[in-house]
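# Reading the structure
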Amino acid sequence: MTPRDLSGLFGFAAALVILLWSVTRLARAGKVPAETARKMVHAGTGIACLAFPWIFSGPIPVAVLALLATGGMLAVRVWPRARHHLGGSLHGVARRSVGALFFPIAVAVGFALAGPRKEYFLIPVLVLTISDALGAMVGTRYGQSPYLAWKGNKSIEGSVLFFLSAFLCCHLVLLLGTS
């Protein structure tokens, strides 16, 4: 790992802790609902991950960061003090989700598989970050046409917005980032 990789790794880890702490404080103060807090962490982390191809020289620092993040998320699940200070933004909802554990792993695997092709990394992270959050928020707030999906109910409104935003994420990256 290069010195730039190390500074990127420590900088991203510090930014993640600050994001978790800040959003947890907002959620505990009642300024944002629990699901919104989860999506704020999800979107904030995903958007920050988009800088990885320009920060890191290879997949090793991203894999180390993913292991640290997954370990931190596990600590937040099992250690009450960590949950109180950092985990309120992720664990304030009634349902159990393993997305916080799998997200860093998916990002690291995607980064490794993309190699030098930035668009192969950017597209899935954008869809996972933007489209997932938009679809969930719109479906939860404005969903009037529910349907049964593999894991719970979804809405046509949320699914349509997911599709449209995923299309735009793919289209914009390919239009602006490739020949």
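Just above, that's the structure.
From a predicted model like this one, the values you see are computed outputs, not experimental measurements.

### Here's the deal with the nonpolar core
Grouped together as the largest cluster of nonpolar side chains are 23 residues, with contacts concentrated most on Cys-49, Phe-52, Phe-56, Val-107 and Phe-121. For this core, the secondary-structure elements that each account for two or more residues are α1 (3-28), α4 (59-78), α6 (99-114), α7 (118-142) and α8 (156-177). Examining the composition of this core, we find that 6 residues originate from one element, α7, more than from any other. In this structure, Val-107 is in contact with Cys-49, Phe-52, Phe-121 and Val-125, ignoring residues within four places of it in sequence. Core analysis: the second largest hydrophobic core is formed by 10 residues, Leu-16, Leu-20, Ala-37 and Met-73 among them.

### A few points about the pattern of salt bridges
Counted under the stated rule, the structure contains 2 salt bridges. Between Asp-132 and Lys-39 there is a salt bridge, and its shortest N-O distance comes to 3.2 Å. With Asp-132 in helix α7 and Lys-39 in helix α2 (residues 34-49), this pair connects stretches of sequence that are 93 residues apart. Relative accessible area serves as the criterion here: at 29%, Asp-132 is assigned to the partly exposed category. Among the salt bridges present, the one from Arg-117 reaches Glu-119, with a minimum N-O distance of 2.3 Å.

### Things to note about the pairing of strand β2 (residues 152-155)
The pairing of strand β1 (residues 146-149) with β2 spans 4 bridges and is classified as antiparallel. Following the sheet pairing, Ala-149 is matched in β2 by Gly-152. Hairpin geometry of β1 and β2 is characterised by an intervening segment of 2 residues between the two adjacent antiparallel strands.

### Some thoughts on the packing of aromatic side chains
Considering all chains together, one arrives at 4 aromatic pairs under this definition. A centroid spacing of 6.4 Å and a plane angle of 15° characterise the contact between Phe-52 and Phe-121, whose relative ring orientation is stacked. In this pair, Phe-52 sits in helix α3 (residues 52-55) while Phe-121 sits in helix α7, placing the two residues 69 residues apart along the sequence. The two residues Phe-52 and Phe-121 agree in class, both being buried. Summarising the aromatic geometry, the rings of Phe-111 and Phe-121 are spaced 5.4 Å apart at their centres and angled 85° between planes, so their arrangement reads as edge-to-face. Of the two residues, Phe-111 is situated in helix α6 and Phe-121 in helix α7; the sequence distance between them amounts to 10 residues.

### Looking at the packing of α2 against α7
For the pair α2 and α7, the least separation of the axes is 9 Å and the interaxial angle reads 160°. The angle between α2 and α7 falls in the class roughly antiparallel. Considering the relative orientation of α2 and α7, their crossing is left-handed. Between α2, through Lys-39, His-42, Ala-43, Gly-46, Ile-47 and Cys-49, and α7, the contact on the second element is made entirely by Phe-121, Val-125, Leu-128, Thr-129, Ile-130, Asp-132, Ala-133, Ala-136 and Met-137.

Analysis parameters
Residues numbered from 1 in each chain as written. Predicted model: local features only at pLDDT ≥ 70, side-chain atom pairs only at ≥ 80, totals over all residues. Heavy atoms only, no water. Core = buried A, V, L, I, M, F, W, Y, C linked by side-chain atoms within 4.5 Å. Buried < 20%, exposed > 50% of the residue type's maximum accessible area, 1.4 Å probe, protein only. Helix = DSSP H or I, 4+ residues; strand = E, 2+ residues; numbered from the N terminus. Contact = heavy atoms within 4.5 Å. Salt bridge = Lys/Arg side-chain N within 4 Å of Asp/Glu carboxyl O. Pairing = 2+ DSSP bridges. Phe/Tyr/Trp six-rings, centres within 6.5 Å; stacked < 30°, edge-to-face > 60°. Axes fitted to C-alpha atoms, helices over the stretch in contact; angles between N-to-C directions. Parallel < 35°, antiparallel > 145°, perpendicular 65-115°, else oblique. Left-handed = near helix turned anticlockwise from the far one by under 90°.

Interpretation in functional terms is not warranted from these geometric data alone.
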